[in-house]
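So the chains spell out like this:
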Amino acid sequence: MAGQQFDVIVIGAGAAGLMCAAQAGYRGRRVLLLDHAKQAGKKILISGGGRCNFTNMDVEPSNYLCSNEHFVKSALSRYTQWDFLSLIAKYEIAYHERDFGQLFCDDSAKDIVRLLMGECNEAGVKVQLRSEITNVTKTNSGFEVQTSGLNYQCESVVIATGGLSMPKLGATPFGYKVAEQFGLTVLPTRAGLVPFTLHDHDKAIYADLSGVSLPIRVESKDGTSFPADMLFTHRGLSGPSILQISNYWLPGEAVSIDLLPHIDLKQELDNLKQQSSNQSLKNTLAQWLPKRFIEALIESKQLVDKPIKQLQHKDLDNTIATIHQWQVKPNGTEGYRTAEGDEHYKLNCLLYLNYLFSIGYDDFKINSKDSTLRHSLLIDSAPQNLQNYKEAA
Ligand SMILES: Cc1cc2nc3c(=O)[nH]c(=O)nc-3n(C[C@H](O)[C@H](O)[C@H](O)COP(=O)(O)OP(=O)(O)OC[C@H]3O[C@@H](n4cnc5c(N)ncnc54)[C@H](O)[C@@H]3O)c2cc1C
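Calculation notes
- Residues numbered from 1 in each chain as written.
- Predicted model: local features only at pLDDT ≥ 70, side-chain atom pairs only at ≥ 80, totals over all residues.
- Pairing = 2+ DSSP bridges.
- Helix = DSSP H or I, 4+ residues; strand = E, 2+ residues; numbered from the N terminus.
- Axes fitted to C-alpha atoms, helices over the stretch in contact; angles between N-to-C directions.
- Contact = placed C-beta atoms within 7 Å.
- Buried ≥ 20, exposed ≤ 12 C-beta atoms within 10 Å, placed from the backbone.
- Core = buried A, V, L, I, M, F, W, Y, C linked by C-beta atoms within 7 Å.
- Parallel < 35°, antiparallel > 145°, perpendicular 65-115°, else oblique.
- Left-handed = near helix turned anticlockwise from the far one by under 90°.
- Nonpolar A, V, L, I, M, F, W, Y, C, P; charged D, E, K, R; others polar.

S.K.: Got a minute to help me understand the sheet that holds strand E3 (residues 53-56) in this structure?
M.R.: Strand order in this open sheet of 3 strands is E3-E5-E4, and the pairing throughout is antiparallel. Every interior strand has two partners, whereas the edge strands, E3 and strand E4 (95-97), have only one. On average, adjacent strands in this sheet sit at an angle of 30° to one another, irrespective of strand direction. As paired elements, E4 and strand E5 (residues 102-105) share 3 bridges and run antiparallel to each other. Paired with Tyr95 across the two strands is Cys105, which belongs to E5. Relative to the sheet, helix H4 (residues 81-90) contacts E3 and E4, its axis offset from that of E3 by approximately 135°.

And the structure:
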């Protein structure tokens, strides 16, 4: 069925598509924004525990995972967190700063959806929800987008259908399929920013600790490390430090966890030993760590409980290694069901997308076997603002 002609059709009304559509509209393009969901920005609504960590006071290229570091540098220099903050001011959104310079809405992530919808509205974007896209095809003058209702023609198509995380919120592999259809290379995907699951025997050891949170430093095999909280869950480990390191962990590897990153345990134990302290190792460690956790380490023979004065050298070495380099070999991750990102995609959405369209998406080219695709753009986003991103799952 023939439909209307647009300059740009954006598919996907998430953070990416909304920002993209607004920017294209401001550039004078006639824009149609399509989504199969009945509500725009659903993932934004659950982001940041419902308050959306929309940007950060400190944003550096090194905070991002990207195979092309120059792209990140260029992107961040052309659209900064201050640009996004000026939008926040325009919509009078109250916000506050948390650890590591993270900025969150005071009230609700709904404010960010209101902002993005407001921008689309102001830029004259036609937003059409509940639209199933059945096909995207190349025509002589651009593209045809077929939906369950009308078919639309346009010069440029933007695929902003997001990654695979949170299928319950409408995530689909649509973007990958269109990429394959047009001959774009699609790399294998894996869930990013995702909790670890533990093997059954470890799960049994730490089962009672579900809900316990500790400030730790976690390190992956490649030497990447993050200081932040770790949370025991009923299936494994989560919390900001674990979500962040999940991007660097490979199946079969262990992660090394410093359970007392702010304490020099060797110094503490040496001092107590010099005083011939009768205090048990368990009680000593209980000053800093939850007793239940120490008991679990003792019961699973990772620690030997003795009065400090009786600890031999090898006991001390073992204790220090267990506490400062606790080795955990995850069974896997929780996968896309809970993932906050898709490791295939490398950039923080809000800043990235603001940037893309602040410079005009026509400037973008993608590596395609089909050069006619250069005006269309595959975008998604995942919060890979690793140093600063803090979100307990
Ligand atoms: C629990 C959680 C907490 C998070 N917290 C934060 C945070 O605090 N800060 C932050 O920056 N990021 C956070 N993120 C990540 C952030 O939410 C995402 O990176 C961002 O929302 C992705 O935006 P997007 O537009 O690329 O994709 P999405 O938001 O996934 O949008 C894609 C859109 O495309 C639509 N779509 C998909 N398939 C089709 C199809 N076949 N046809 C039509 N439409 C389709 C979907 O309905 C959806 O509306 C969090 C993520 C999760 C899961």
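S.K.: Can you walk me through the pairing of strand E8 (residues 143-147) in this structure?
M.R.: It is a general feature of regular strands that their side chains alternate between the two faces of the sheet. Because side chains alternate across E8, one face comprises the buried residues Phe143, Val145 and Thr147, and the other comprises Glu144 and Gln146, none of which is buried. As paired strands, strand E7 (residues 133-138) and E8 are joined by 5 bridges and run antiparallel to one another. Each residue of the ladder has a partner; that of Lys138, found in E8, is Phe143. The hairpin formed by E7 and E8 contains 4 residues between the paired strands. Relative to strand E9 (residues 151-159), E8 runs antiparallel, the two being bridged by 4 bridges. Looking at the pairing, Val145 lines up with Tyr152 of E9. In this structure, the hairpin formed by E8 and E9 is closed by a connection of 3 residues.

S.K.: Which parts of the structure should I look at to understand unusual backbone geometry?
M.R.: Keep in mind that most residues, glycine aside, have a negative phi and that most peptide bonds are trans. We note that Phe100 has phi near 60°; this positive angle belongs to a residue other than glycine. Along the chain, the position of Phe100 falls in the loop between E4 and E5. Positive phi outside glycine occurs at Leu193, with the angle close to 50°. By the element assignment, Leu193 lies in the loop between strand E10 (191-192) and strand E11 (196-197). Under the C-beta neighbour-count criterion, Leu193 is labelled buried, with 26 such atoms within 10 Å.

S.K.: Would you mind going over the environment of Ser256 with me for this structure?
M.R.: Positionally, Ser256 belongs in strand E15 (residues 255-258). Each C-alpha atom, one on Ser256 and one on Gln327, is 4.8 Å from the other, the two residues being 71 residues apart in sequence. Those residues in contact with Ser256, other than ones at most four positions away along the chain, are Glu219, Gln325 and Gln327.

S.K.: Please explain the environment of Lys168 as it appears in this structure.
M.R.: Topologically, Lys168 is positioned in the loop between E9 and helix H6 (174-181). By C-beta crowding, Lys168 is classed as exposed, having 8 other C-beta atoms within 10 Å. Spatially, the C-alpha atom of Lys168 lies 7.8 Å from that of Arg337, the residues being 169 residues apart in sequence.

S.K.: So what exactly am I meant to see when it comes to the sheet that holds E15 here?
M.R.: The strands making up a sheet associate through hydrogen bonds between their backbones, and the pairing can be parallel or antiparallel. Strands sit in the order E16-E15-E12-E13-E14-E11-E17 across an open sheet of 7 strands; the sheet is antiparallel. For this open sheet the edge positions go to strand E16 (326-328) and strand E17 (332-333), each flanked by a neighbour on one side alone. Summarising the sheet, strand E13 (residues 225-232) and strand E14 (residues 236-238) pair through 2 bridges and their orientation is antiparallel. Residue pairing for E14: Leu231 is matched across the bridge by Ser238.

S.K.: Which parts of the structure should I look at to understand the nonpolar core?
M.R.: The tendency in soluble globular proteins is for nonpolar side chains to be buried as a group. If you look at the biggest cluster of nonpolar residues, it comprises 47 residues, and the most contacted ones within it are Ile9, Val10 and Ala21. No other element matches helix H1 (residues 15-26), which puts 8 residues into this core. Apart from residues no more than four positions distant in its own chain, Val10 is found in contact with Gly17, Cys20, Ala21, Val31, Leu33, Val158 and Ala160.

S.K.: Would you explain the packing of H1 against helix H5 (residues 110-122) in this entry?
M.R.: Relative orientation and spacing of two packed helices are given, respectively, by the angle between their axes and the distance between those axes. The interhelical angle for the contact between H1 and H5, taken along N-to-C directions, is 30°, at an axis separation of 8 Å. As far as their axial angle goes, H5 and H1 are roughly parallel. At the point where H1 passes H5, the crossing takes the left-handed sense. Residues Ala15, Leu18, Met19, Ala21, Ala22 and Gly25 of H1 pack against Leu116, Met117, Glu119 and Cys120 of H5.

S.K.: Please clarify how the packing of helix H9 (residues 265-274) against helix H12 (residues 313-324) should be interpreted in this entry.
M.R.: As a packed pair, H9 and H12 sit with axes 10 Å apart at the nearest point and diverge in direction by 145°. H9 and H12 meet at a crossing whose hand is right-handed. Where H9 approaches H12, its residues Leu265, Lys266 and Leu269 are matched on the opposing element by Leu316, Thr319, Ile320, Ile323 and His324. When grouped by side-chain class, the residues that make up the contact of H9 with H12 number 5 nonpolar, 2 polar and 1 charged.

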